[in-house]
Amino acid sequence: MTTQVIVLNGGSSSGKSGIARCLQALLPDPWLAIGVDTLIDTMPASMQSTEAGIEFAPDGRVSVGPAFGALQAAWREGVAAMVRAGAPVIVDDVFLGGTASQQQWRETLAGLDVLWVGVRCESAVAAGREIARGDRVQGMAASQAELAHQGVVYDLVVDTTHTEALVCARAIAARLG
């Protein structure tokens, strides 16, 4: 079976989105790139100001409530439906729940050929990128650098600390065969 989904998991500012763009340029067939940031951007502003939604603490910690969780589950199902309809997808996500987050994706993507990729980056480097981006709560990169990987099982791990996104994307593409 040919890989239908590439799941990139890593903390904020680890380089997932850059790798996804590079993969889109490298891979011979068109792939959709879908990220959790897009999901958050599509939600009403009220979801970012209530315990039921998603909250970004001043120190960068992220908390998700039941309303966010329900919408995120629907989003995952939508991603799986696109893949089942024939669109290969690169998922850019942050597994805030570690193993539990991966399990939710595993259940949703059951029956599909998935390549699980861990995107690591040293906390200090990710924090520097976070500051340069200017669109994140400072501290998010540091708080997620290890949290996103706790208990997660990967087919491949790349590290963007000292490696460019394109080099990481080439390693992922080579794994696809």
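So, a few notes on the structure that sits alongside this text. Throughout, residues of each chain are indexed from 1 in the direction in which the sequence is written. Two thresholds apply to this predicted model, a pLDDT of at least 70 for residue-level local features and 80 or more for giving and counting side-chain atom pairs, whereas whole-chain, interface and lining totals are computed over all residues. Neither water nor hydrogens contribute to the side-chain values; these are computed over all heavy atoms in the structure.

1. Quick look at the environment of Glu 122
And then number 1: Note on conventions: DSSP H or I runs of at least 4 residues are helices, E runs of at least 2 residues are strands, and numbering of each starts at the N terminus. For Glu 122, the location among the structural elements is in the loop between strand 6 (114-120) and helix 5 (123-133).
And then number 2: A sequence separation of 55 residues divides Glu 122 from Ala 67, and the C-alpha atoms of the two residues are 32 Å apart.
And then number 3: Here a residue-residue contact requires only that any non-hydrogen atoms of the pair lie within 4.5 Å. Apart from residues lying up to four places away in sequence, Glu 122 is in contact with Thr 161 and His 162.

2. Observations concerning the state of the cysteines
And then number 1: In plain terms, two cysteine sulfur atoms within 2.5 Å form what is called a disulfide here. Tallied over the entire structure, the rule returns zero disulfides.
And then number 2: Sulfur of Cys 121: no disulfide; nearest cysteine sulfur belongs to Cys 168 and is 9.5 Å away.
And then number 3: Throughout, exposure labels follow a simple rule: accessible area from a 1.4 Å probe, protein chains only, divided by the maximum for the residue type, with under 20% read as buried, over 50% as exposed, and the rest as partly exposed. Given the relative accessible area of 7%, Cys 121 is considered buried.
And then number 4: The cysteine Cys 168 is free of any disulfide, with Cys 22 supplying the nearest cysteine sulfur at 8.9 Å.
And then number 5: Looking at Cys 168, the relative accessible area reads 3%, which means it is buried.

3. Quick notes on the sheet that holds strand 2 (residues 32-35)
And then number 1: Sheet architecture is open: five strands sit in the order 2-5-1-6-7, paired in parallel fashion. Only two strands of the sheet have a single neighbouring strand rather than two, namely strand 2 and strand 7 (156-159). Between one strand and the next, the sheet's axes are offset by a mean angle of 20°, whatever the strand orientation.
And then number 2: At least two bridges found by DSSP between two strands are what make those strands a pair. As paired elements, strand 1 (residues 5-9) and strand 6 share five bridges and run parallel to each other. The residue bridging Asn 9 from the neighbouring strand is Gly 118, located in strand 6.
And then number 3: Axis geometry follows a simple rule: fit a line to the C-alpha atoms, using only the stretch in contact for helices, then measure angles between N-to-C directions, giving values from 0 to 180 degrees. The strands touched by helix 7 (residues 165-176) are strand 1, strand 6 and strand 7; relative to strand 7, the strand with the most contacts, the crossing angle is about 165°.

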